[in-house]
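# Topology and contacts: notes
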Amino acid sequence: MTYSIAILGASGYTGAELIRLIAGHSSLKITALGAFSKAGQSVAQVFPHLRHLDLPTLLQIDQIDFANIDLCFCALPHKTSQSVIAALPPDLKVVDLSADFRLRDPDDYEKWYGNKHSALTQQAEAVYGLTEFYRDDIKTARLVAGTGCNAATGQYMLRPLIAAGVIDLDNIILDLKCAVSGAGRSLKENLLHAELSEGYHAYATGSTHRHLGEFDQEFSQIAGRPVQVQFTPHLIPANRGILGTGYLRGDAAQIHDTLSQAYANEPFVDVLPLGQTPSTRHVRGSNFCHIGVVADRQPDRALVVAALDNLTKGSSGQALQNANLMLNIEETEGLMMAPLFP
Ligand SMILES: NC(=O)C1=CN([C@@H]2O[C@H](COP(=O)(O)OP(=O)(O)OC[C@H]3O[C@@H](n4cnc5c(N)ncnc54)[C@H](OP(=O)(O)O)[C@@H]3O)[C@@H](O)[C@H]2O)C=CC1
Ligand SMILES: CC(=O)N[C@@H](CCC(=O)OP(=O)(O)O)C(=O)O
């Protein structure tokens, strides 16, 4: 069986990554591609690296006929995404990559995103898209909300530890480095090569990053009481990749055992031997997340480090993994490619 796929936001970074991944998928065929300023152009014009593929021309979203589409990926900016998804056929399966449907409480959405949610019906039915922890709900979902890429990284490190009670919940520090493609393809002055290369800096300091809404929601639910992590992201002059470093109070061997057991049967989350730490270089272009644990010289302190590619496991790879589940396809289909190295 071949399923017909639409991608909205196909001229952006996560859209391009979805096209790249779906091109190698045995059961999905791209039949519609949506864009905004680049509508009317071919994919080869917008993304020369995809010129070998036979793909439809980019259209404005209102020019797309969704009647024969089995599943639609929305790789649009947040706020735009909620109005677009609210206007799609109500029975169409959707995987949204934006932040619009991740937070279950509309007040939390308004707190972190600064505007009232305009698609509350869809928000109420959305399933959070961190595959390994919401697999059963995703299988039957109509609308899946992909996680933030920073939020995915932090949750792979911390969820099993919070659930098992092996770390001090009031002393979690999460320091994270994110590559530039995490900010998307649109032109921004602070993302010009001259302004970001040869240095790096913290942003959204003072635990103000909007992915804290996801951390608060998920970690507090797991713990059964409020959990607030101290979180600082940094912009690094690399194209792809996220490296998260957690400074935790707990026993390193117990933390390592807990993570190893939690991910023992997971095809994409790999816990390294105790004492080893991962690198973004070793997951680039792949759907893998590598996690390492190291003991500190202070016996009750440990370091947990996770690496993933923001454009695959952090967004489009995760989205395809969820789409596979929603369409009853093998979860790993189209996603087992090796990382690109060196
Ligand atoms: N980049 C990443 O690592 C991650 C991104 N995400 C989320 O995924 C979504 C897409 O991100 P990304 O691909 O990086 O973003 P880009 O900025 O690279 O792409 C945005 C896409 O949306 C289209 N678009 C912009 N405005 C409109 C509009 N008003 N109506 C219709 N289409 C519009 C653009 O079209 P055009 O170019 O033709 O104008 C483009 O195709 C965002 O919500 C982002 O937050 C989530 C996790 C990680
Ligand atoms: C470098 C950079 O700007 N990274 C982005 C990551 C974006 C992401 O995960 O996506 P959402 O916008 O869908 O939440 C950030 O930290 O906001």
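The written sequence of each chain sets the order in which its residues are numbered from 1. All chains are assigned letters beginning with A, and all ligands numbers beginning with 1, in the order in which they are written. Local features in a predicted model are, by the rule used here, given only for residues with pLDDT of at least 70; side-chain atom pairs are given and counted only at 80 or more, and totals for whole chains, interfaces and linings are based on all residues. Side-chain figures throughout are based on the complete set of non-hydrogen atoms in the structure, without hydrogens or water.

Put simply, the test is: UniProt positions are given in the numbering used here, feature names are shortened, and annotations may be inferred rather than shown by experiment.
As recorded by an unreviewed UniProt entry, the protein chain carries the name N-acetyl-gamma-glutamyl-phosphate reductase and is attributed to Roseobacter litoralis. Of the comments in the UniProt record for the protein chain, the one headed Pathway (unreviewed entry) reads "Amino-acid biosynthesis; L-arginine biosynthesis; N(2)-acetyl-L-ornithine from L-glutamate: step 3/4." One UniProt comment on the protein chain, placed under Sequence similarities (unreviewed entry), says "Belongs to the NAGSA dehydrogenase family. Type 1 subfamily."

## Concerning the site of ligand 2
For clarity, the cut-off: Here a residue counts as near a molecule or strand whenever at least one of its heavy atoms sits within 4 Å of it. Here a polar contact means two N or O atoms within 3.5 Å. Within protein one must be a hydrogen donor candidate and the other an acceptor candidate, and residues neighboring in sequence count only if both atoms are side-chain atoms. Only the protein chains shown count as cover for residues, with accessible areas throughout obtained via the Shrake-Rupley method and a probe of 1.4 Å. Cavities and pockets were defined on a 1 Å grid built from protein atoms only: a cavity is a group of points that admits a 1.4 Å probe but offers it no way out, a pocket is an open group of points flanked by protein on both sides within 12 Å along at least five of seven lines, and a lining residue is one with an atom within 4 Å of any such point. In this scheme, a molecule is assigned to a cavity or pocket if more than half of its atoms are within 2 Å of the grid points. Segments assigned H or I by DSSP are reported as helices when at least four residues long, segments assigned E as strands when at least two residues long, and all are numbered from the N terminus.
Around ligand 2 there are 14 residues in total, and Arg 102, Cys 149, Tyr 203, Arg 210 and His 211 lie nearest to it. Here an oxygen atom of ligand 2 sits 2.7 Å away from a polar atom, N or O, in the side chain of His 209. A distance of 2.6 Å is found between an oxygen atom of ligand 2 and a side-chain nitrogen or oxygen belonging to Arg 210. Protein contact buries 83% of the 430 Å² of open area that ligand 2 shows by itself. The cavity that encloses ligand 2 is the largest pocket. Broken down by secondary-structure element, the contributors of at least two residues to the shell around ligand 2 are helix 7 (149-164) and strand 8 (173-179).

## Quick word on the pattern of salt bridges
For clarity, the cut-off: What makes a salt bridge here is a side-chain nitrogen of Lys or Arg within 4 Å of a carboxyl oxygen of Asp or Glu, nothing more. To sort residues, take the accessible area from a 1.4 Å probe on protein chains only and compare it with the maximum for the residue type: under 20% means buried, over 50% means exposed, and anything in between is partly exposed.
Summed over all chains, the structure comprises 15 salt bridges. The partner of Arg 104 in a salt bridge is Glu 218, and the shortest N-O contact between them spans 2.9 Å. With Arg 104 in the loop between strand 5 (93-96) and helix 4 (106-113) and Glu 218 in helix 9 (residues 212-223), this residue pair connects regions lying 114 residues apart in the sequence. Put simply, Lys 177 and Asp 175 hold a salt bridge, and the shortest N to O gap is 2.4 Å. There is no split in this pair, since Lys 177 and Asp 175 are both buried. A single network of salt bridges, built from pairs that share partners, joins Glu 17, Arg 20, Arg 240 and Asp 309.

## So, the site of ligand 1
We apply this condition: Residues are grouped as follows: Ala, Val, Leu, Ile, Met, Phe, Trp, Tyr, Cys and Pro are nonpolar; Asp, Glu, Lys and Arg are charged; every other residue, Gly included, is polar.
In the vicinity of ligand 1, 29 residues are found, and the nearest of them are Ser 11, Thr 14, Ser 37, Leu 76 and Arg 185. Within the backbone of Tyr 13, a nitrogen or oxygen atom sits 3.0 Å from an oxygen atom of ligand 1. Contact between ligand 1 and Lys 38: an oxygen atom at 2.9 Å from a main-chain N or O atom of the residue. Isolated, ligand 1 exposes 900 Å² of accessible area, and the fraction of that covered by the protein chains is 85%. A molecule is said to occupy a pocket when more than half its atoms come within 2 Å of that pocket's grid points, and by this definition ligand 1 occupies the largest pocket. Those elements that place two or more of their residues in the shell around ligand 1 are helix 1 (13-22) and helix 11 (312-326). Residues belonging to the shell around ligand 1 are distributed by class as follows: 11 nonpolar, 15 polar and three charged.

## A word on the nonpolar core
Filter applied, for reference: Joining through side-chain atoms within 4.5 Å is the link that ties buried Ala, Val, Leu, Ile, Met, Phe, Trp, Tyr and Cys residues into a set, and such a set is a nonpolar core. Where each domain starts and ends comes from a domain assignment, either automatic or drawn from a database. In what follows, a contact means two residues having at least one pair of non-hydrogen atoms within 4.5 Å.
The biggest cluster of nonpolar side chains holds 83 residues, and the ones touching the most others in it are Ile 7, Phe 73, Leu 158, Ile 167 and Ile 291. With eight residues, the single largest contributor to this core is helix 7. In terms of domain composition, this core takes at least three residues from each of domain 1 (3-147 + 313-326) and domain 2 (150-309). Beyond its immediate chain neighbours, meaning those up to four positions away, Phe 73 contacts Ile 5, Ala 6, Ile 7, Leu 8, Leu 18, Ile 22, Val 95, Leu 97, Ala 319, Leu 320 and Ala 323. With 19 residues, the next largest nonpolar core counts Ile 85, Leu 92, Phe 101 and Ala 145 among its residues.

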